[in-house]
Amino acid sequence: MIYDERIEKMSREEMRKLQLERLQQMVAYAYDNVPFYKKKYDEAGVKPSDIKTLKDIEKLPFVTKQDLRDNYPYGFLSVPTSEIARIHASSGTSGKPTVVVYTKEDMEIWTECVARMVVAAGGRSDDIVQICFGYGLFTGALGLHQGWERIGAAVIPASTGNTERQIMLMKDLQTTAIVCTPSYALRIAEEMERLGYKPEDFKLRVGMFGSEASSDAMHEEIARKLHLMPTDNYGLSEIIGPGVSGECVHKCGMHINEDHFYSELLSPDTLQPVEDGEYGELVLTTLTKKSMPMIRYRTKDITKIDYSPCACGRTTARMAKLRGRTDDMLIIKGVNVFPSQIEGVLLTFPEIGASYEIVVTREDYKDKLEVKVELLDEKIIGDYGAIESLSRRIKNALKTVLQIDVKLTIVDHMALKRFDGKAKRVTDLRTY
Ligand code: DLL
């Protein structure tokens, strides 16, 4: 099944033509309505009328997450606040989130984009779907919710946590589809086993997983343990939330909603386009967003793109599973964690030194975060009760900021590695 054949099976020439028309309109719209773009383009000496081909997009400056922070909260808004229909936000380093807004029209586009992905993933109107993403400012839960609702499915807004209760709902309400992070899907499978259930005790058949990286092996394990068809889907708050791209059941890359999002792949070093088929940083441009146009937004996500037609009949470009990110943002159990957030907490404890090390591992598909710190306070060296109490206080403070559990290891002063140049604080041992 294809949700919108006209778009999803469009020839490459037609798609390129549609993208160019929309890009020209979007650049002019942004220039006229968002002072940020006017200033940047004037400084760079480019005018909206310079966009004569899609390649001309390369003349335009980039937008980064820092630009969004600098213009917090409404600096990129291109409509009066009275036209805002929804506000979401993603977590940030400084305690201030990145705010993203939608007009009624944007909400409609978002819903359509997710509905296409749901159908591509095998979703049907007779499905009962349990959304196990956190409802709130995060775009994941409501974004997927709207798309499933649009195709006529029954939606259970279960939200996150309380896995035993999730499983009870899944069984009693005869859930046929689940939406969550891939690691949470495995957590559910583990808990089902512990409770003595077998996959046959459930009616699950479809799983849509996203918001964090997952490997093919992980999907195979989910399929084996939950007896469902798992697919991956990708998105980011700044662009729309979930709905940028999603796998079909052939699982050979995530189909990009190209009529709404124009993608470029650039070398993060030279910022020039990579060769066809090579990995590069994904740079996205919203072609239709009314409230907060994003033109050449640097996602920092590394992927590659395949333009060949897919066995499902869709002609839209497919992006490969992400290979990583160019910046230091870690995604742990689906939660965005910046080393600087950890550093901020550690610095409030005078008993420990300024050196620290962050180690991320993945055991049984579960992310684990370890933070190593050095004990400075000579008064408590050898006093195990005092060290234990300090450790508990640091762990609690980290949990409050990060919202995930941290393993804290306190080592002797000078036991951690020192650096001459730039310090490497993070060791990510996950292989995905
Ligand atoms: O995670 C949007 C989303 C929600 C996508 C639910 C899919 C499902 P943010 O919180 O802004 O938005 O985080 C965006 O998460 O730049 C990627 O680094 C990462 N990410 C999202 N989807 C995937 C995926 C949502 N399928 C950041 N695979 C992005 C790997 C992903 N990483």
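In case you missed it, the structure is sitting above this.
Residues numbered from 1 in each chain as written. Predicted model: local features only at pLDDT ≥ 70, side-chain atom pairs only at ≥ 80, totals over all residues. Heavy atoms only, no water.

*Asks:* What is the right way to look at the site of the ligand in this model?
*Replies:* In the vicinity of the ligand, 21 residues are found, and the nearest of them are Asp232, Asn233, Ser237, Asp301 and Arg325. One of the backbone nitrogen or oxygen atoms of asparagine 233 is found 2.7 Å away from a nitrogen atom of the ligand. At 2.6 Å from an oxygen atom of the ligand is found a side-chain nitrogen or oxygen belonging to serine 237. Taking 600 Å² as the accessible area of the ligand by itself, protein coverage stands at 96%. Listed by contribution, the elements that provide at least two residues to the shell around the ligand are helix H6 (139–150) and strand E7 (229–236). (Near = heavy atom within 4 Å. Polar contact = N/O pair within 3.5 Å; in protein donor to acceptor, adjacent residues only side chain to side chain. Areas by Shrake-Rupley, 256 points an atom, 1.4 Å probe, with all protein chains shown as cover. Helix = DSSP H or I, 4+ residues; strand = E, 2+ residues; numbered from the N terminus.)

*Asks:* Whenever I open this one, the sheet that holds strand E21 (residues 426–428) confuses me. Can you help?
*Replies:* Sheet strands pair by backbone hydrogen bonding; their relative direction is either parallel or antiparallel. Here 4 strands make up an open sheet; going across it, the order is E20-E19-E18-E21 and the pairing mixed. The open sheet terminates on both sides in strands that have one partner only, identified here as strand E20 (407–411) and E21. Ignoring which end each strand starts from, the neighbouring axes of this sheet average 15° apart. Judged from the 5 bridges that link them, strand E19 (residues 366–375) and E20 form a sheet pairing that is parallel. Across the sheet, valine 373 pairs through a bridge with isoleucine 410, a residue of E20. (Pairing = 2+ DSSP bridges. Axes fitted to C-alpha atoms, helices over the stretch in contact; angles between N-to-C directions.)

*Asks:* Looking at this structure, I do not really get the packing of aromatic side chains. What am I missing?
*Replies:* One pair of aromatic rings is described through two measures. These are the centre distance and the angle between the planes. Considering all chains together, one arrives at 8 aromatic pairs under this definition. A ring pair is formed by tyrosine 31 and tyrosine 41, whose centres lie 6.4 Å apart and whose planes are at 20°; its orientation type is stacked. Residue tyrosine 31 is found in helix H2 (residues 12–33), and its partner tyrosine 41 is found in helix H3 (residues 35–44); the two are separated by 10 residues along the sequence. Across this residue pair, the class does not change: tyrosine 31 and tyrosine 41 are buried. Joined through ring pairs, the aromatic side chains of Tyr31, Phe36, Tyr37, Tyr41 and Phe76 make up one cluster. The lysine or arginine in question, arginine 298, covers the ring of phenylalanine 62, its NZ or CZ lying 5.8 Å from the ring centre. In this arrangement the basic side chain of arginine 425 is found over the ring face of tyrosine 356, its NZ or CZ atom lying 4.6 Å from the centre. (Phe/Tyr/Trp six-rings, centres within 6.5 Å; stacked < 30°, edge-to-face > 60°. Buried < 20%, exposed > 50% of the residue type's maximum accessible area, 1.4 Å probe, protein only. Lys NZ or Arg CZ within 6 Å of the ring centre and 35° of its normal.)

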